[in-house]
Structure formats: structure tokens, C-alpha cells
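Here's the letter readout for the chains.
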Amino acid sequence: SAVISQKPSRDICQRGTSLTIQCQVDSQVTMMFWYRQQPGQSLTLIATANQGSEATYESGFVIDKFPISRPNLTFSTLTVSNMSPEDSSIYLCSVEVTGGAPSAGEQYFGPGTRLTVT
Amino acid sequence: GNSVTQMEGPVTLSEEAFLTINCTYTATGYPSLFWYVQYPGEGLQLLLKATKADDKGSNKGFEATYRKETTSFHLEKGSVQVSDSAVYFCALSDQGGSYIPTFGRGTSLIVHP
């Protein structure tokens, strides 16, 4: 199993500012994922982050707005830039469960960062 | 493309009632199916899974059976507790694709004493 922590757990920010969210895993993992969960909505994948390469962004998300770093196999950051109230969401990081085909598609999730933009 | 449809919530039950949360899916190939649970203030955690047709996943009294003929994976529990109050997400992962799961919208369950 993997234990994932995120910082901060919550924050209230003013529009136009930026917030960097940290995600720490207790073991080395190849792929890390960042999701957004808007109130009452499902999870939307923002990007996939592999160590040593540029993050891969999903449709509707761009690097200028959500820059991601992945400096090593246990850590990643997501920055929400130039925030607006529409960015108010829970941001979740996750990692794949390793173990081959029987575990394919399983993920471990961090506790989330609850962001409110005023 | 892949998609997951869950019943609308919230589902409100009394303690010890029977629970069903419906989930249907659309996928190419033969996906794996999952139920995740999100307790208040926490991230998602895997509740149960099934990797092929007719498999039954079970955990903590919850069960779901992979029904290929009806493309469904309904979550059931015979007797819910107040501590089961949470949001439940159905998800699939296409074995022939990237393995990144597709999630349903989530169904909130509220259990009253």
C-alpha cells in the first residue's frame, strides 16, 4: 500500500493569487495523478506526472494555469495560478497501485486540499 | 469513449436498512470495475473491485457483481450503519488502455440512527 499526504489540507485565497499544493508519497512511484473535485461533482483528471518528464495534461487544462513539478519518485506539486472563484475545488493527488494486471486501474488517494477562492 | 453512470443522490436510509446504489458503464473491451468510498474530509479509498464478468467484489459487508450482459456493477449492503455515511464512486479501468480510471459522479449516502 501507499500512504499519501498533501499540504495544505485547506486554504482560502484571494483571486489573482497562486497556490502550490504538495503531495508526498511514502514509497517510490512512477506515475502520480492530479484530480479536481468540484462541489457535488465527480473527479476530473487534470494531469499525469512522471518523474523526469513534462506532465501530460487532459483536455481543458493547460500548463500555464496548472504547472506541475515532479522532482523525484516520491513528491509532486501542483500550482493553481491566477486563481478565480471557479477554481474553488478539492484537489486530490493519487498514485497507481503496483502489482501488475490484477491491480490495473487501482489508485491510492491523498486526503485532498480544499481550496476556496474569494 | 468510456463512461460511468451512477444513480443520483443523496440516498437517505435508516440504520439497518438495505442499500443499493446503481452503476452502469460503457466501455470498449473488458474493463475492471471499482467502487471507491470517500468519507467526509478524506480522499477516496478503494472499497471493492471486480476484474472480469460474473466476479463479485466484497468488503466491509458491501458487495457488487460484474454483470457484463447488463453492463452494471451495483453496490449493495444488507444492513447499513451510520458510519457508512459517505460518498460512493463507481469507476472503471479499461484494461486495454491507459489504466487511468473513469469515475462516476458519486452518490452521497446518509444513514440516520
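Above this text you will find the structure in question.
Residues numbered from 1 in each chain as written. Chains lettered and ligands numbered in written order. Predicted model: local features only at pLDDT ≥ 70, side-chain atom pairs only at ≥ 80, totals over all residues. Heavy atoms only, no water.

Draft legend 1. Inspection of the overall build of chain B at higher detail. When helices and strands are counted, chain B shows zero helices and 12 strands. Tracing chain B from N to C terminus, the helices and strands come up as β-β-β-β-β-β-β-β-β-β-β-β. Computed over its C-alpha atoms, the radius of gyration of chain B comes to 13 Å, within 12% of the 13 Å expected for a compact globule of 113 residues. If you line up chain B on its principal axes, its C-alpha atoms span 45 × 30 × 20 Å. Here chain B, with 113 residues, has 43% of them falling under the buried criterion. Intrachain contacts of chain B at a sequence separation of at least 6 include 56% that bridge at least 24 residues. Summing over all exposed atoms, chain B offers an accessible surface of approximately 5300 Å²; the carbon and sulfur share of this is 49%. Each charge class in chain B was averaged separately, 8 positive and 11 negative side chains, and the resulting centres sit 6 Å apart. (Helix = DSSP H or I, 4+ residues; strand = E, 2+ residues; numbered from the N terminus. Rg over C-alpha atoms; globule rule 2.2 N^0.38 Å. Buried < 20%, exposed > 50% of the residue type's maximum accessible area, 1.4 Å probe, protein only. Contact = heavy atoms within 4.5 Å. Areas by Shrake-Rupley, 256 points an atom, 1.4 Å probe, with all protein chains shown as cover. Lys, Arg positive; Asp, Glu negative; His and termini not counted. Charge placed at Lys NZ, Arg CZ, Asp CG, Glu CD.)

Draft legend 2. Region of interest: the sheet that holds strand S3 (residues 19–21) of chain B. Residues and elements named next belong to chain B. As summarised here, the arrangement of the four strands in space is S3-S9-S8-S7, forming an open sheet in which the pairing is antiparallel. Both outer strands of the open sheet, S3 and strand S7 (56–59), are each paired with one neighbouring strand and no more. Adjacent strand axes in the sheet meet at a mean angle of 15 degrees when their direction is disregarded. Sheet topology places S7 next to strand S8 (residues 62–65); four bridges connect them, and they run antiparallel. (Pairing = 2+ DSSP bridges. Axes fitted to C-alpha atoms, helices over the stretch in contact; angles between N-to-C directions.)

Draft legend 3. Highlighting the sheet that holds strand S7 (residues 68–72) of chain A. Residues and elements named next belong to chain A. The sheet built from four strands is open, its strands ordered S1-S3-S8-S7 with antiparallel pairing. Looking along the sheet, the strands with just one partner apiece sit at the ends: strand S1 (4–7) and S7. Put simply, the sheet's adjacent strands are angled 15 degrees from each other on average, direction ignored. Across six bridges, strand S3 (residues 19–25) lies against strand S8 (residues 75–80) in antiparallel orientation.

Draft legend 4. Seen up close, the environment of Thr51 of chain B. All names here are of chain B. Along the chain, the position of Thr51 falls in the loop between strand S6 (44–50) and S7. Taking relative accessible area as the criterion, Thr51 reaches 31% and is therefore assigned partly exposed. Sequence spacing of Thr51 and Ala64 is 13 residues, and the spatial spacing of their C-alpha atoms is 12 Å.

Draft legend 5. Spatial organisation of the packing of aromatic side chains. Residues and elements named next belong to chain B. Under the defined criterion, the tally for this structure stands at nine aromatic pairs over all chains. When the centroid spacing of 6.1 Å and the interplanar angle of 80 degrees are considered together, the rings of Tyr25 and Tyr66 count as edge-to-face. Residue Tyr25 is located in strand S4 (residues 23–26), and its partner Tyr66 is located in the loop between S8 and strand S9 (75–77); the two are separated by 41 residues in the primary sequence. Of the two residues, Tyr25 and Tyr66, both sit in the buried class. A ring pair is formed by Phe62 and Tyr88, whose centres lie 5.6 Å apart and whose planes are at 40 degrees; its orientation type is tilted. Of this pair, Phe62 sits in strand S8 while Tyr88 sits in strand S10 (residues 86–93), placing them 26 residues apart in sequence. Given the relative accessible area of 1%, Phe62 is considered buried. (Phe/Tyr/Trp six-rings, centres within 6.5 Å; stacked < 30°, edge-to-face > 60°.)

Draft legend 6. The arrangement of the side chain of Gln6 of chain A in detail. All names here are of chain A. Along the chain, Gln6 turns up in strand S1. The buried category is assigned to Gln6, whose relative accessible area is 7%. Within the structure, Gln6 has its side chain in polar contact with the backbone oxygen of Tyr91 (distance 3.0 Å). Here the side chain of Gln6 touches Thr113 through a polar contact of 3.2 Å, side chain to side chain. Setting aside chain neighbours within four positions, we find Gln6 in contact with Ile21, Gln22, Trp34, Tyr91, Leu92, Cys93, Gly110, Pro111, Gly112 and Thr113. (Polar contact = N/O pair within 3.5 Å; in protein donor to acceptor, adjacent residues only side chain to side chain.)

Draft legend 7. Focus on the environment of Asp55 of chain B. Along the chain, Asp55 of chain B falls in the loop between S6 and S7. Remark: the alpha-carbon pair of Asp55 of chain B and Thr65 of chain B, spanning 10 residues in sequence, is separated by 5.8 Å.

Draft legend 8. The interface of chain B and chain A, seen in detail. Listed by partner, the interface residues are 21 residues for chain B and 21 residues for chain A. For the chain B face of the interface with chain A, the top three residues by lost area are Leu44, Ile100 and Arg105 of chain B, together amounting to 30%. Where chain B touches chain A, the interface holds one salt bridge. Its salt-bridge partner being Lys49 of chain B, residue Glu106 of chain A comes within 2.3 Å of it at the nearest N-O pair. The set of elements that each furnish at least two residues to the side of chain B that touches chain A consists of strand S5 (32–38), S6 and S10 of chain B. It is S5 of chain B that provides the largest number of residues to the side of chain B that touches chain A, a total of four residues. Considered class by class, the residues forming the side of chain B that touches chain A number nine nonpolar, nine polar and three charged. (Buried area = accessible area lost by both parts, 1.4 Å probe. Salt bridge = Lys/Arg side-chain N within 4 Å of Asp/Glu carboxyl O. Nonpolar A, V, L, I, M, F, W, Y, C, P; charged D, E, K, R; others polar.)

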